[in-house]
Amino acid sequence: MKFVLDAHTHTIASGHAYSTLLENIKFAADSGLELLGVTDHAPAMKGGLSHAYFINFGTIPREIMGVQVRMGAELNIIDYDGGVDLDETCLERMDYAIASLHPPCIPFGTLEQNTNAILRVMENPFVKILGHPGDPRYPIDCAAIVDKAEETGTVIEINDASLKPDGFRKGSEVYMAEILRLCKKKGLPIILASDAHFAPFIGHFDNALKLIEETGFPEELIINRSVDMFKSCLKID
């Protein structure tokens, strides 16, 4: 399978990543990627960025080194009603947002609390991608979440970093495999994400692909295969 984009990456601006924007773009260009999504952490994450960073995206060219660059944010879900840590003024200035549950930003909840937080955030029109569901510390109702993805058009992410054997979210493969089975049954697209915090990991999906193969998930439903498919599913330019 050939993939042409990675939509969940971080730069040194996030506070706990290790490459600059230009270093990430150069690595993407050298790797043959056609599009790079930059999604640094929003303010609730320790070391995250101020509103000013996200409002100023207009200064960044839409194409650099032959790579289409799309600027977004990884929002933190901050309560069980799906609240996030950037307001509409910021969100309307970016290409898309990912929303994720992170331990520094919201306590581990019950299955009902975590699921409700995700269902509510997926109703936010600026949230195009659900980031790394599957962390077993946040139990979830996979069927309810996939049903909501079908209803709202939110794309669920299969996060490579969460599946690394030495990663922070050990056990994520259980929920992710169930999500893949349910999305396959409904014919819903998913997106692979490196969640790279260092340039050499951009576009690397080996752990995610292993799960894709184990679940028999169809290649045609992976939107990393085509920039046009990515833009169409996210409804962005």
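Refer to the structure presented above.
Residues numbered from 1 in each chain as written. Predicted model: local features only at pLDDT ≥ 70, side-chain atom pairs only at ≥ 80, totals over all residues. Heavy atoms only, no water.

Peer 1: So what exactly am I meant to see when it comes to the environment of Arg 137 here?
Peer 2: Locating Arg 137 in the fold gives a position in the loop between strand E6 (127–130) and helix H5 (142–152). Look at Arg 137 and you get partly exposed, because its relative accessible area is 36%. Taking the C-alpha atoms as reference points, Arg 137 and Ser 172, 35 residues apart in sequence, are found 9.2 Å from one another. Here Arg 137 is in contact with Pro 103, Phe 108, Phe 168 and Arg 169, once residues within four sequence places are set aside. Among the polar contacts made by the side chain of Arg 137, one reaches the side chain of Asp 135 at a distance of 2.8 Å. (Helix = DSSP H or I, 4+ residues; strand = E, 2+ residues; numbered from the N terminus. Buried < 20%, exposed > 50% of the residue type's maximum accessible area, 1.4 Å probe, protein only. Contact = heavy atoms within 4.5 Å. Polar contact = N/O pair within 3.5 Å; in protein donor to acceptor, adjacent residues only side chain to side chain.)

Peer 1: Which parts of the structure should I look at to understand the nonpolar core?
Peer 2: As a rule of thumb, nonpolar side chains are buried together in soluble globular proteins. Membership of the largest hydrophobic core comes to 62 residues, with the highest contact counts inside it found for Leu 75, Leu 86, Ile 190 and Leu 192. Ranked by residues supplied to this core, first place goes to helix H6 (residues 172–186) with 7 residues. Once residues lying within four places of it in the same chain are set aside, the contact partners of Leu 75 are Ala 42, Val 84, Asp 85, Leu 86, Leu 91, Ala 97, Ile 98, Ala 99, Ser 100 and Val 127. Grouped together as the second largest cluster of nonpolar side chains are 16 residues, Leu 35, Ile 98, Ile 129 and Met 229 included. (Core = buried A, V, L, I, M, F, W, Y, C linked by side-chain atoms within 4.5 Å.)

Peer 1: When you look at the side chain of Asp 85 in this model, what are you seeing that I'm missing?
Peer 2: Tracing the sequence through the fold places Asp 85 in the loop between strand E4 (67–76) and helix H3 (88–91). Nearest to the buried, unbridged Asp 85 among oppositely charged side chains is Arg 169, at 13 Å. Within the structure, the side chain of Asp 85 is placed 2.8 Å from the backbone nitrogen of Ala 44, a separation counted as a polar contact. One polar contact links Asp 85 to Asn 76, side chain to side chain, over a distance of 2.7 Å. Not counting residues up to four positions away in its chain, the partners in contact with Asp 85 are Ala 42, Pro 43, Ala 44, Met 45, His 51, Leu 75, Asn 76 and Ile 78. (Lys, Arg positive; Asp, Glu negative; His and termini not counted. Salt bridge = Lys/Arg side-chain N within 4 Å of Asp/Glu carboxyl O.)

Peer 1: When you look at unusual backbone geometry in this model, what are you seeing that I'm missing?
Peer 2: Of note, Met 65 is a non-glycine position whose phi angle comes to about 55 degrees, a positive value. Note that Met 65 resides in the loop between strand E3 (63–64) and E4. A positive phi angle, near 60 degrees, is found at Lys 235, a position not held by glycine. Structurally, Lys 235 can be placed in the segment after helix H8 (227–234).

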